Amino acid sequence: MAETELLNKIDQAKIPNHIAIIMDGNGRWAKKLGHIRIFGHRQGVRTVKNVVETAAELGVKYLTLYAFSTENWSRPQAEVNALMELLVDSIRKETPSLMENSIKLEAIGDLENLPGNCNKTLKETINTTRNNNRMTLVLALNYSARWDLTRAMRNLATEACSGNIEPENITEKDIRKNLSTAAYPDPDLLIRTSGEYRISNFLLWEIAYSEIHITPVLWPDFETDDFYNAIIDYQKRERRFGKTSEQLIHS
Ligand code: IPE
Ligand code: IPE
Ligand code: MG
């Protein structure tokens, strides 16, 4: 179906407020074309740019992209280096476009342990874009959900040891407050490309009630129409949050 036709099928009143994406398949995309994996990552950056701009146009308020996991450090050193370089270059190059589109950049993950220039560029763009308010783009970098949950538990244990909080009084809210995603609503829609049916240590706490859309399309091939289709799929779902269908109709 043509892009405009798909766009017409999207209910503007039901745009997901927060979309999270596991951008997967760059390596396989490159391999299929007989190129090295890094070529796929470069192409993947184009998809990122398009998805970010399309999300902002649609009125999505938060877009969280899984760009580098804690586990990705165990890839070949040359690939890790290339990914870090690509990250610095892309952030630098895209800062003017983030400003034009009034997109605020933020990041979650163990940022202090990223290469120095990466962390520096990231912080600069975060600072430059801090007053933008059309959409918040959250990059998950050197992120894993278990890392984040461990950190939150450590913080709470410290609070308990210093007598600021009683263990029996710890609530879900306290846990949430200590996660790096504390400032964001939970994702409404989680998209994974490349057809893998797994979460790969992404947002384990936050996706408790997210709708999941998995597409076989590899990330570099993920075009505007694929993104529209993910939203159309999401809009067909009945989000029950544990209730019955009848309860929802009558509420
Ligand atoms: C996703 O593509 C990008 C990152 C994880 C950084 P992959 O590099 O995982 O590509 P595949 O899964 O090997 O095809
Ligand atoms: C998930 O993709 C991480 C990112 C998209 C950054 P991976 O390619 O690392 O996930 P696995 O290893 O296939 O689970
Ligand atoms: Mg992968």
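Relevant structure appears above.
In this text, all values refer to a predicted model and were calculated from it rather than measured experimentally. (Residues numbered from 1 in each chain as written. Chains lettered and ligands numbered in written order. Predicted model: local features only at pLDDT ≥ 70, side-chain atom pairs only at ≥ 80, totals over all residues. Heavy atoms only, no water.)

Here we come to the packing of aromatic side chains. Working definition: an aromatic ring pair is given by the centre-to-centre distance plus the angle between the planes. According to the stated counting rule, one finds 10 aromatic pairs in the structure shown. With a centroid separation of 5.3 Å and an interplanar angle of 45 degrees, the aromatic rings of Tyr209 and Phe241 are classed as tilted. Here the residue Tyr209 occupies a position in the loop between strand S5 (189–192) and strand S6 (211–214), and Phe241 occupies one in the loop between helix H8 (224–236) and helix H9 (245–250), the gap between them amounting to 32 residues. Residue classification places Tyr209 among the partly exposed residues on the basis of a relative accessible area of 47%. (Phe/Tyr/Trp six-rings, centres within 6.5 Å; stacked < 30°, edge-to-face > 60°. Helix = DSSP H or I, 4+ residues; strand = E, 2+ residues; numbered from the N terminus. Buried < 20%, exposed > 50% of the residue type's maximum accessible area, 1.4 Å probe, protein only.)

Next up on the list: the sheet that holds S5. The 6 strands are arranged S3-S4-S2-S1-S5-S6 in an open sheet whose pairing can be described as parallel. Sheet topology places strand S3 (103–108) and S6 at the edges, where each strand pairs with a single neighbour. Strand-to-strand twist across the sheet, computed as the mean angle between neighbouring axes with direction ignored, equals 20 degrees. Helix-sheet contacts for helix H3 (residues 37–58) involve strand S1 (18–22), strand S2 (62–69), S3 and strand S4 (135–143), and the interaxial angle to S2 is about 160 degrees. Across the face of the sheet, H8 comes into contact with S1, S5 and S6 while running at roughly 135 degrees to S5. (Pairing = 2+ DSSP bridges. Axes fitted to C-alpha atoms, helices over the stretch in contact; angles between N-to-C directions. Contact = heavy atoms within 4.5 Å.)

Here the focus is the site of ligand 1. Every residue near ligand 1 is listed here: Met23, Asp24, Gly25, Asn26, Gly27, Arg28, Arg37, His41, Ala67, Asn72, Arg75 and Leu83. In the environment of ligand 1, an oxygen atom lies 2.8 Å from a nitrogen or oxygen atom belonging to the side chain of Asp24. For ligand 1, whose accessible area on its own is 380 Å², the fraction buried by protein is 87%. In this structure the site holding ligand 1 corresponds to the largest pocket. Of all the secondary-structure elements, those providing two or more residues to the shell around ligand 1 are helix H2 (26–32) and H3. Of the residues forming the shell around ligand 1, the biggest block, 3 residues, is contributed by H2. For the shell around ligand 1, the per-class residue count stands at 3 nonpolar, 5 polar and 4 charged. (Near = heavy atom within 4 Å. Polar contact = N/O pair within 3.5 Å; in protein donor to acceptor, adjacent residues only side chain to side chain. Areas by Shrake-Rupley, 256 points an atom, 1.4 Å probe, with all protein chains shown as cover. 1 Å grid on protein atoms, 1.4 Å probe; cavity = no way out; pocket = protein on both sides within 12 Å on 5 of 7 lines; lining within 4 Å. Sits in = over half its atoms within 2 Å of the grid points. Nonpolar A, V, L, I, M, F, W, Y, C, P; charged D, E, K, R; others polar.)

Here the focus is the layout of surface pockets. Its volume calculated, the largest pocket comes out at about 940 Å³. Met23, Asn26, Tyr66, Ala67 and Phe68 are the residues nearest the centre of the largest pocket, which is lined by 44 residues in total. Every element with two or more residues in the lining of the largest pocket is listed here: H2, H3, S2, helix H4 (77–100), S3 and S4. Top contributing element to the lining of the largest pocket by residue count: H4, with 9 residues. For the lining of the largest pocket, the per-class residue count stands at 21 nonpolar, 12 polar and 11 charged. (Points joined across faces, edges and corners; volume = space filled by probe spheres on them.)

Let us look at the site of ligand 2. Taken together, Ile22, Met23, Asp24, Tyr66, Ala67, Phe68, Ser69, Asn72, Arg75, Arg192, Arg198 and Ser200 make up the full set of residues adjacent to ligand 2. Measuring from an oxygen atom of ligand 2, one finds a side-chain N or O atom of Asp24 at 3.2 Å. Contact between ligand 2 and Arg192: an oxygen atom at 3.4 Å from a side-chain N or O atom of the residue. Here ligand 2 has 390 Å² of accessible area as a free molecule, and 79% of this is covered by the chains. For the shell around ligand 2, the element with the highest residue contribution is S2, accounting for 4 residues. Taken together, the residues that form the shell around ligand 2 break down as 5 nonpolar, 3 polar and 4 charged.

Looking now at the pattern of salt bridges. Between side chains of opposite charge, a pair can form when the charged atoms approach closely. Tallied over the full model, the rule gives 18 salt bridges. A salt bridge links Asp174 to Lys177; the shortest N-O distance between them is 3.5 Å. Pair noted here: Asp174 and Lys177 are both in helix H7 (residues 172–177), with a separation of 3 residues, about one helical turn. For Lys177, a relative accessible area of 61% corresponds to the exposed category. Salt-bridge contacts for Arg237 lead to Asp233; the nearest nitrogen and oxygen are separated by 2.8 Å. Classification of Arg237 as partly exposed rests on a relative accessible area of 27%. Here the residues in one salt-bridge network are Asp24, Arg28, Arg192, Glu196 and Arg198, joined through shared partners. (Salt bridge = Lys/Arg side-chain N within 4 Å of Asp/Glu carboxyl O.)

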